[in-house]
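# Examining the three-dimensional arrangement
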Amino acid sequence: MAQKSPTTDVESSTTLRNSLVSRRSYVRSVATAAVAAGVFGGVADAAAAESDYETVTLDPGEDHQVNVGDGETLENVLFDCTAEGARVTIAAHATDWTIRNVGIEGEFDVGSPDAAFGISDQGGNTSTIENVYVADGAIHGSEATDETAFWVSPEHNGHIDFKNVNVQNFPDNGIYASAPAGKGGGTIHIDECYAANNYVANFRIGSAGSAVTNSSVHVERDGYGGRGIWVWAPGECEIDNCQLELNGHNYAIDAGANGSGTSVTVTDTDYSTDFHGGVNETAGSSVDLGGDVGNDPEPTIPDGVPKTAEDAASGN
């Protein structure tokens, strides 16, 4: 599974159909962003500037690709993928990059590549995914595209913060971030995010020091019943202050895979138990449930998570 996605090298992808975009007005360097911020003298002006966003409307069948490089920021843009066969692929395999205030509107269709976002920090630094909406998902069932929302490549050796992300309705993982556990070793922190109805797993981590905190998972649709949080080896990973409601579709917490075990510490969390008790420990894995862990989850969308693509792009 770790070799799943071609987005680690999007420029050579055979699925490229129409456009490769590496620099647009919505991709800015750190220096450019700092200058732009300095133009506005007051808080009100800065807030007004952040409410503006660019809409990129894709044609039917268009594959729109965006590359984010070292120190660059992709922000305040809505990608309209509602046309038949339209999709966007955002690749950030660099260091110190930021993807902020991005909304993707429209369900990904048949024939899509593997991931909406292919990402990694390959410079040993920290990169950020913040205020992103990718909840319209991709086609499931017999015409499923094996589409993942966020794929973190095995080469990731830094740290990625996910904050205020809304990811729903993908047939092959919502946030698929376990691959670095067996190679680059980079860490992941998923904080104040919401995942719903993603198959295989909603959140998937595995590198030692990775965590899911202050987040919710909700599965309620037949055929969309992935695990709540899947923790691969080697760990140790942390789950804190999460609400995990799987409604009998799958394990709320699944630890270990492919003959390798891991350890997970769970605190201040509620999870559903109606699928084989809700917790699975594979290949000698251990899930340490703290005394403040319960079984009455209320998986609400955390404050700050965008509920529409427009909310995300505008930064509201």
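This text goes with the structure placed above it.
Right, let's walk through the structure included here.

On to the overall build of the protein chain. The helix and strand inventory of the protein chain stands at three helices and 25 strands. At a minimum sequence separation of 6, the contacts of the protein chain that also span at least 24 residues come to 79%. Working note: accessible area of the protein chain is about 11900 Å², and carbon and sulfur atoms make up 43% of it.

Under the criterion given, the structure shown has six aromatic pairs. Relative to Phe170, the ring of Phe108 lies with its centre 6.3 Å away and its plane at 85°, an arrangement referred to as edge-to-face. Taken as a pair, Phe108 in the loop between strand 7 (98-105) and strand 8 (115-121) and Phe170 in the loop between strand 11 (159-168) and strand 12 (175-176) lie far apart in primary sequence, 62 residues in all. For Phe108, a relative accessible area of 1% gives the class buried. In textbook terms, an aromatic cluster arises when at least three aromatic residues are bridged by ring pairs, as seen for Phe117, Phe150 and Phe162. A cation over a ring is seen here: Arg221 above Tyr224, with NZ or CZ 3.9 Å from the ring centre. Above the ring of Trp230, the side-chain terminus of Arg227 is found at 3.6 Å from the ring centroid.

What follows concerns the pairing of strand 4 (residues 63-67). Where burial is concerned, most of strand 4 is hidden: five out of the five residues are buried. Residues Asp63, Gln65 and Asn67 point to one face of strand 4 and His64 and Val66 to the other, with burial holding for every one of them. Alignment of strand 4 against strand 6 (residues 87-94), held across five bridges, turns out to be parallel. Note on strand 6: the bridge partner recorded for His64 is Val88.

The next thing to look at is the environment of Val231. With respect to the helices and strands, the residue Val231 is situated in strand 18 (residues 227-231). Residues Val231 and Ser263, spaced 32 residues apart in sequence, show a C-alpha to C-alpha distance of 8.2 Å. Ignoring any residue separated from it by four or fewer positions in sequence, one finds Val231 in contact with Ile205, Cys237, Asp254, Ala255, Gly256, Thr262 and Val264.

Ranked by size, the top nonpolar core spans 61 residues in total, and within it Phe79, Ile99, Phe117, Ile119, Phe150 and Phe162 carry the most contacts. Excluding its chain neighbours within four sequence positions, the residues that come into contact with Ile119 are Ala92, His93, Trp97, Ile99, Ile129, Phe150, Trp151, Val152, Ser153, Ile160 and Phe162. Counting six residues, the second largest nonpolar core, distinct from the first, contains Leu78, Ala309, Ala312 and Ala313.

Its location among the elements puts Gln122 in the loop between strand 8 and strand 9 (126-134). The class of Gln122 is partly exposed, set by a relative accessible area of 37%. Among residues more than four places away in sequence, those in contact with Gln122 are His93, Ala94, Ser153, Glu155 and Asn157.

What follows deals with the pattern of salt bridges. According to the stated counting rule, one finds eight salt bridges in the structure shown. Measuring nitrogen to oxygen at the nearest pair gives 3.1 Å for the salt bridge that ties Glu147 to Arg87. Taken together, the residues span a long stretch of sequence, with Glu147 in the loop between strand 9 and strand 10 (148-152) and Arg87 in strand 6 at a distance of 60 residues. A residue is classified by how much of its surface remains accessible, and Arg87, at 0% relative accessible area, is buried. For Lys163, the salt bridge goes to Asp191, with nearest N and O atoms at 3.0 Å. Of this pair, Lys163 sits in strand 11 while Asp191 sits in strand 13 (residues 187-191); the two residues are 28 residues apart in sequence, bridging distant segments of the chain. The exposure class assigned to Lys163 is partly exposed, which follows from its relative accessible area of 29%. Exposure remark for Asp191: the relative accessible area of 12% places this residue in the buried category. One salt-bridge network, held together by shared partners, links Asp63, Arg87 and Glu147.

Conventions and cut-offs
- Residues numbered from 1 in each chain as written.
- Predicted model: local features only at pLDDT ≥ 70, side-chain atom pairs only at ≥ 80, totals over all residues.
- Heavy atoms only, no water.
- Helix = DSSP H or I, 4+ residues; strand = E, 2+ residues; numbered from the N terminus.
- Contact = heavy atoms within 4.5 Å.
- Areas by Shrake-Rupley, 256 points an atom, 1.4 Å probe, with all protein chains shown as cover.
- Phe/Tyr/Trp six-rings, centres within 6.5 Å; stacked < 30°, edge-to-face > 60°.
- Buried < 20%, exposed > 50% of the residue type's maximum accessible area, 1.4 Å probe, protein only.
- Lys NZ or Arg CZ within 6 Å of the ring centre and 35° of its normal.
- Pairing = 2+ DSSP bridges.
- Core = buried A, V, L, I, M, F, W, Y, C linked by side-chain atoms within 4.5 Å.
- Salt bridge = Lys/Arg side-chain N within 4 Å of Asp/Glu carboxyl O.

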